[in-house]
Number of protein chains: 2
Amino acid sequence: MSDNTNGKIVEKKITPRSEDYSQWYLDVVNAADLAENAPVRGCMIIKPYGYSIWEHTKKILDQKFKETGVSNAYFPLFIPERLLNKEKEHVEGFSPEIAVVTHAGGKKLEEPLVVRPTSETIMYDSFSKWIQSYRDLPILINQWSNIVRWEMRPRLFLRTTEFLWQEGHTVHETHEEADERARQMLEIYRDVAESVMAIPVFGGVKSEAEKFAGALHTYTIEAMMQDGKALQFATSHNLGQNFSKAFDVSFLDREGDKKYGWQTSWGLSTRAIGGLIMTHSDDKGLVVPPKLAPVQVVITTIGGEDNKEVIEKAHEIEKRLKEADVRTLIDKRDLRPGEKFYEWEKKGVPIRLELGMKDIAEDSVVLVRRDNGEKEKKPLSNDLYKDIVSLLEEIQKNLYDRALAYKKEKTKFVDTWKDFVRAIEDGNFVHAHWCGEKEVEAQIKSETKATVRYIPFDQKEEEGKCIKTGKPSSGRVIFAKAY
Amino acid sequence: MSDNTNGKIVEKKITPRSEDYSQWYLDVVNAADLAENAPVRGCMIIKPYGYSIWEHTKKILDQKFKETGVSNAYFPLFIPERLLNKEKEHVEGFSPEIAVVTHAGGKKLEEPLVVRPTSETIMYDSFSKWIQSYRDLPILINQWSNIVRWEMRPRLFLRTTEFLWQEGHTVHETHEEADERARQMLEIYRDVAESVMAIPVFGGVKSEAEKFAGALHTYTIEAMMQDGKALQFATSHNLGQNFSKAFDVSFLDREGDKKYGWQTSWGLSTRAIGGLIMTHSDDKGLVVPPKLAPVQVVITTIGGEDNKEVIEKAHEIEKRLKEADVRTLIDKRDLRPGEKFYEWEKKGVPIRLELGMKDIAEDSVVLVRRDNGEKEKKPLSNDLYKDIVSLLEEIQKNLYDRALAYKKEKTKFVDTWKDFVRAIEDGNFVHAHWCGEKEVEAQIKSETKATVRYIPFDQKEEEGKCIKTGKPSSGRVIFAKAY
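Quick caveat: nothing in here was measured; it's all calculated off a predicted structure.

> Could you clarify how one ought to interpret helix α10 (residues 337-346) of chain B in this entry?
Each full turn of the α-helix corresponds to 3.6 residues, which orients residues three or four apart in the same direction. Residue and element names in this part refer to chain B. Where α10 is concerned, the buried positions are Lys340, Phe341, Trp344 and Lys346. Among the structural elements, α1 (21-31), β15 (297-301), β16 (328-331) and β17 (351-355) are those in contact with the buried residues of α10. Of the residues one or two after α10, Gly348 is the one with positive phi, at around 75°.

Put into structure tokens, the structure is as follows:
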């Protein structure tokens with residue numbers, strides 16, 4: 001706009017990863033038109049292309065939750081302060097991050113309202129009324145909602161003051177059943193991470209210092225970013241009876257005695273989209289696995305909109321691909337081919353078909369893969385459509401394999417402090433012995449920025465010495481720097 | 001729970017409509033387990049059964065929006081006060097209802113943040129940066145989100161401080177295109193109201209007094225509740241250039257001149273679920289049209305869970321119905337049959353199948369329709385499944401026809417003030433002449449509580465005299481009391 005230079009969109013080059021990894025990430029988000037900063041600090045605007053990736057993720061997760069008997073519901077955005085204060089560890093964990101409504105309807109409120117930083121307290125207040133007897137159990141509820149946690153160092157998708165997520169909350173008769181449910185939901189997250197988002201993850205238990213405020217155990221799956229840092233992809237909490245006692249979530253058991261419920265909560269947020277971007281993208285821009293790609297195949301026509309023959313052929317190809325359930329888009333804009341190619345590359349569309357008069361004369365099309373840049377001339381035959389469907393699967397697999405190979409390369413086993421410090425500095429997931437003491441964990445963090453990411457579910461019994469204190473340890477835990 | 005009488009769920013009788021319509025509505029919501037009041041006044045908890053109806057509605061609407069080229073996105077919950085203040089009429093309309101965050105992250109904020117009462121201001125601030133030239137138009141964005149408007153007289157679904165909705169926002173090159181879009185989206189709402197929710201609606205233009213704060217024209221569809229009151233089902237606004245001028249949503253046109261965009265916004269909220277409940281339900285409880293019913297067929301077994309033969313047969317029927325895409329549930333709980341029947345009646349399940357040993361011996365099942373209570377013995381043959389599918393369609397149609405007949409009965413044409421007052425008192429949609437003056441509209445409202453619901457799109461030219469002032473009028477408008 002002539003008088004609005006502020007708003008002018010400047011074509012920005014993407015900073016190479018090797019030069020500045022953080023800037024590269026922001027450049028990719030910007031170049032692919034995924035999201036942007038909002039006028040309120042720390043909040044983000046998720047643009048249609050970015051939101052579409054979230055929508056696909058939601059749809060798949062939601063179905064998997066429902067298959068295990070979970071129902072969706074909706075609880076209020078506002079939590080009265082007195083409810084938040086009921087579970088001591090919980091309120092201590094969250095109070096530095098909360099936003100508070102003090103005025104509404106033109107008046108000062110008698111009791112301030114907290115904008116939900118998570119919904120344990122507001123939900124369990126209801127659960128205590130919903131549950132009378134063991135016959136009312138299990139309660140299996142999920143909610144898709146927005147969450148507010150005041151963020152000091154915001155970053156699009158990865159850490160935002162407001163984010164979108166789902167939070168599941170369950171109540172069970174026994175500890176065993178609750179623990180099983182917490183692990184079952186983590187397994188769904190693992191499945192979605194690996195088979196849908198093509199992100200290899202490791203699962204385990206959080207240390208006491210890193211667990212959720214108010215949980216008995218926090219189970220986590222962690223993904224490795226291309227700078228070797230860990231991203232907590234999703235967590236599932238065995239809450240024990242901490243909240244059920246605070247909120248009187250109790251029931252009459254089969255013998256008619258009052259018992260407190262055993263609870264879980266579990267969540268995945270738009271932060272996972274940040275992990276997706278950082279796992280696969282490259283110096284040319286975004287790379288999205290086919291299963292989540294808003295557009296799976298783009299047909300870029302060469303030669304302008306007047307070129308009837310090319311446009312018609314493009315529509316024919318589009319029709320066939322849509323019949324095969326491939327999300328397809330034709331870009332027939334009157335731009336230079338290079339410009340169009342570049343745009344879809346930045347947006348990470350898995351397959352690009354280039355179609356011009358020359359191709360039509362040869363009854364072929366040029367196919368370009370986004371994951372490895374391979375270019376191939378393909379005949380316009382029935383096989384093309386089948387080939388594209390298998391190629392999308394191959395690309396999905398290739399992205400996973402590539403990320404897995406990288407993760408293996410950046411996973412180190414060390415036994416001395418010196419090796420530990422170097423391995424962390426170099427950006428690795430480091431398997432090391434630790435004595436299990438909170439203070440030692442804190443000291444390691446302050447010296448190296450590394451935290452215990454998880455204690456593996458399948459931790460091998462192995463005698464060793466804590467890399468920091470030399471005290472005995474019976475198994476390795478995984479350290480890394482984290483987002 | 002033994003020590004928690006507060007939480008005890010008391011089986012409550014449903015108050016008959018004739019006795020107390022408002023209480024009847026709340027009783028139905030409660031008996032069907034749709035929603036309940038939250039600890040924060042005016043907020044609601046949407047329980048799984050109620051949320052499922054909303055989910056079905058969302059899914060259908062979302063698909064229809066997308067078919068017209070609309071994409072989903074997400075904008076922040078918080079709006080800086082300075083943005084809200086940019087459009088004068090808009091801020092005046094909303095300021096009495098807003099909730100304000102003044103403290104966050106342990107500090108007082110420099111600028112208070114408004115919890116979104118609608119998102120025109122936060123979105124158009126972005127649109128002004130997104131749009132440079134006519135090539136960037138149209139912008140067609142939708143958002144599913146929560147909204148906060150401080151509510152003085154809250155009522156589950158119908159008026160709540162926080163509610164869920166979708167809000168669509170578009171920008172166009174010309175006034176004509178924007179107006180067409182606003183009407184197109186209203187037409188989608190009409191279609192969903194009538195063909196999915198089985199609610200007959202009337203469409204038209206809002207009067208100046210009733211239009212959206214900041215709009216040029218508001219288009220509305222209104223439904224009639226069983227007490228003859230109107231419920232605004234959904235609205236679509238032609239915003240003209242009011243916001244585009246305030247937010248500099250401008251573009252360079254085909255001649256290279258700066259022009260302001262022509263905008264629309266349109267929304268449907270969980271309030272529509274309130275309308276759904278009030279349109280179809282009866283003194284026995286909820287009635288839900290089959291297309292939105294969380295459960296379309298319930299199979300209630302007679303004789304307890306040990307009765308293997310009955311349970312097996314129930315599963316067989318369930319399997320066949322699920323194959324026919326019928327949402328089916330088996331209730332095999334060991335309760336008295338009457339108790340089970342009553343529960344599913346209250347929940348408005350369209351078809352109930354009663355199955356016991358006696359039925360199996362006769363190779364039949366008892367089928368009961370929720371809409372009219374008809375009971376029929378049906379042979380357990382292949383035809384049963386086909387019949388059920390057609391019967392669901394018939395029930396859907398019957399609910400619509402019944403609501404339409406009621407609406408016709410309660411629609412009156414009057415020409416004198418005396419008749420007008422009586423027709424409004426009796427709970428009618430009243431077609432009457434009005435001089436078009438705002439002050440007269442306000443006076444009519446203060447005397448009768450009736451407002452101009454809409455000026456029909458297909459208003460007939462007809463000379464007449466204003467029922468209040470006797471001044472000339474060229475067509476009738478529709479008055480009613482409203483929710």
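> Please clarify how the pairing of β15 of chain B should be interpreted in this entry.
Successive side chains on a regular strand alternate, one facing one side of the sheet and the next facing the other. Residue and element names in this part refer to chain B. Of all five residues that make up β15, five are buried, and the element is covered over most of its length. Burial along β15 is two-sided: the face carrying Val297, Ile299 and Thr301 and the face carrying Val298 and Thr300 are both buried. Pairing geometry for β15 and β16, over four bridges, is parallel. Among the inter-strand pairings, Ile299 is bridged to a residue of β16, identified as Ile330. Running through helix α9 (residues 308-323), the crossover from β15 to the neighbouring parallel element β16 is right-handed. Here β15 runs beside β17; their pairing, made up of five bridges, is parallel.

> Help me out: how do you make sense of the packing of aromatic side chains in this one?
Residues and elements named next belong to chain A. Counting across every chain of the model gives 37 aromatic pairs over all chains. Here Phe163 and Trp165 contribute two aromatic rings whose centre-to-centre distance is 5.8 Å and whose plane-to-plane angle is 75°, an arrangement assigned as edge-to-face. Considering the side-chain rings of Trp417 and Phe420, the 5.3 Å spacing of their centres and the 20° angle between planes classify their relative orientation as stacked. Of this pair, Trp417 and Phe420 both sit in helix α13 (residues 417-425), three residues apart, roughly one helical turn. Among the aromatic residues, those joined into a ring-pair cluster are Phe75, Tyr124, Phe127, Trp130, Phe243 and Phe247. For the cation-ring pair, Lys407 lies above Phe202, with the distance from its terminal atom to the ring centre recorded as 3.2 Å. Lying over the aromatic face of Trp417, Lys468 brings its terminal NZ or CZ to 3.9 Å of the ring centre.

> So what exactly am I meant to see when it comes to the relation of the copies chain A and chain B here?
For the pair chain A and chain B, the best superposition has an RMSD of 0.0 Å and corresponds to a rotation of 180° with a translation of 0.0 Å parallel to the axis. Here the transformation between the copies is reduced to the relation of a two-fold axis. No C-alpha of chain A approaches the rotation axis more nearly than that of Val101 of chain A, which lies at 2.1 Å. With an isologous cut-off of 70% or more, the 100% of interface residues of chain A that recur at the interface of chain B puts this contact in the isologous class.

> Could you clarify how one ought to interpret the pattern of salt bridges in this entry?
Side-chain pairs of opposite charge can arise whenever the charged atoms involved come near each other. Residue and element names in this part refer to chain B. This model, assessed by the stated rule, comprises 79 salt bridges over all chains. Here Arg453 and Glu210 are joined by a salt bridge, their closest N and O atoms 3.9 Å apart. Of the two residues, Arg453 is situated in strand β22 (residues 451-456) and Glu210 in the loop between β9 (201-205) and β10 (217-224); the sequence distance between them amounts to 243 residues. Accessibility expressed as a relative area gives 4% for Arg453, which makes it buried.

> Just to check I follow, could you spell out the interface of chain A and chain B for this structure?
Between chain A and chain B, the residue contacts involve 65 residues of the former and 65 residues of the latter. Both sides of the chain A and chain B interface together cover about 5,100 Å² of buried area, and 61% of this is carbon and sulfur. Summed over the shared surface of chain A and chain B, the result is two salt bridges. Ionic pairing is found between Lys66 of chain B and Glu55 of chain A, a salt bridge with its closest N-O pair at 3.0 Å. The pairing of strand β5 (residues 99-104) of chain A with strand β5 (residues 99-104) of chain B spans five bridges and is classified as antiparallel. Looking across to β5 of chain B, one finds that His103 of chain A is bridged to Val100 of chain B.

> I'm lost on the packing of α13 of chain A against helix α14 (residues 438-448) of chain A in this one. Help?
Geometry of a packed helix pair, given as the angle between the helix axes and the separation of the axes. Residues and elements named next belong to chain A. Where α13 meets α14, the axes come as close as 11 Å, and the angle between the chain directions of the two elements is 55°. By the criterion of interaxial angle, the relationship of α13 to α14 is oblique. The interaxial crossing formed by α13 with α14 has right-handed handedness. Only Ile444, Glu447 and Thr448 of α14 make contact with α13, whose side of the interface consists of Trp417, Phe420, Val421 and Ile424.

> Quick question: what am I supposed to make of the sheet that holds β15 of chain B here?
Hydrogen bonds between backbone groups are what pair the strands of a sheet, and the pairing can be parallel or antiparallel. Residue and element names in this part refer to chain B. Sheet architecture is open: five strands sit in the order β16-β15-β17-β18-β19, paired in mixed fashion. This sheet does not close on itself; its edge strands, each paired only once, are β16 and β19 (375-379). Strand-to-strand, the axes of this sheet are offset by a mean angle of 25°, without reference to chain direction. Running over the sheet, α9 touches β15, β16 and β17 and is turned about 170° from β15. Across the sheet, helix α12 (residues 382-409) lies against β15, β17, β18 (364-369) and β19, angled at about 10° from β18, the strand it touches most.

> Can you walk me through the domain arrangement of chain A in this structure?
Frequently, the measure chosen for interface size is the accessible area that the parts lose on association. Taken domain by domain, chain A consists of domain 1 (21-280), domain 2 (295-390) and domain 3 (411-480). Just the C-alpha atoms count here: the centres of domain 2 of chain A and domain 3 of chain A sit 50 Å apart.

> Can you help me understand the confidence of the model for chain A in this one?
A low pLDDT means the predicted coordinates there should not be read in detail. Residues and elements named next belong to chain A. When pLDDT is averaged along chain A, the result is 94, and 98% of the positions lie at 70 or above. Low pLDDT, under 50, characterises residues 1-10; the stretch is placed with 18 contacts to residues that sit more than four places away or in other chains. For this predicted complex, the interface confidence score (ipTM) comes to 0.94, while the overall pTM stands at 0.95.

> Whenever I open this one, the sheet that holds strand β6 (residues 107-115) of chain A confuses me. Can you help?
Strand order in the open sheet made by the six strands is β4(A)-β6(A)-β5(A)-β5(B)-β6(B)-β4(B), with antiparallel pairing throughout. Edge strands, defined here as strands with exactly one partner in the open sheet, are β4 (78-80) of chain A together with β4 (78-80) of chain B. With direction set aside, neighbouring strand axes in the sheet form an average angle of 45°.

Criteria and thresholds
- Residues numbered from 1 in each chain as written.
- Chains lettered and ligands numbered in written order.
- Predicted model: local features only at pLDDT ≥ 70, side-chain atom pairs only at ≥ 80, totals over all residues.
- Heavy atoms only, no water.
- Buried < 20%, exposed > 50% of the residue type's maximum accessible area, 1.4 Å probe, protein only.
- Helix = DSSP H or I, 4+ residues; strand = E, 2+ residues; numbered from the N terminus.
- Contact = heavy atoms within 4.5 Å.
- Pairing = 2+ DSSP bridges.
- Right-handed = clockwise from strand over helix to strand, strands pointing away.
- Phe/Tyr/Trp six-rings, centres within 6.5 Å; stacked < 30°, edge-to-face > 60°.
- Lys NZ or Arg CZ within 6 Å of the ring centre and 35° of its normal.
- Least-squares fit on C-alpha atoms with pLDDT ≥ 70 in both.
- Salt bridge = Lys/Arg side-chain N within 4 Å of Asp/Glu carboxyl O.
- Buried area = accessible area lost by both parts, 1.4 Å probe.
- Axes fitted to C-alpha atoms, helices over the stretch in contact; angles between N-to-C directions.
- Parallel < 35°, antiparallel > 145°, perpendicular 65-115°, else oblique.
- Left-handed = near helix turned anticlockwise from the far one by under 90°.
- Domains from an automatic or database assignment.
- pLDDT = per-residue confidence, 0-100.

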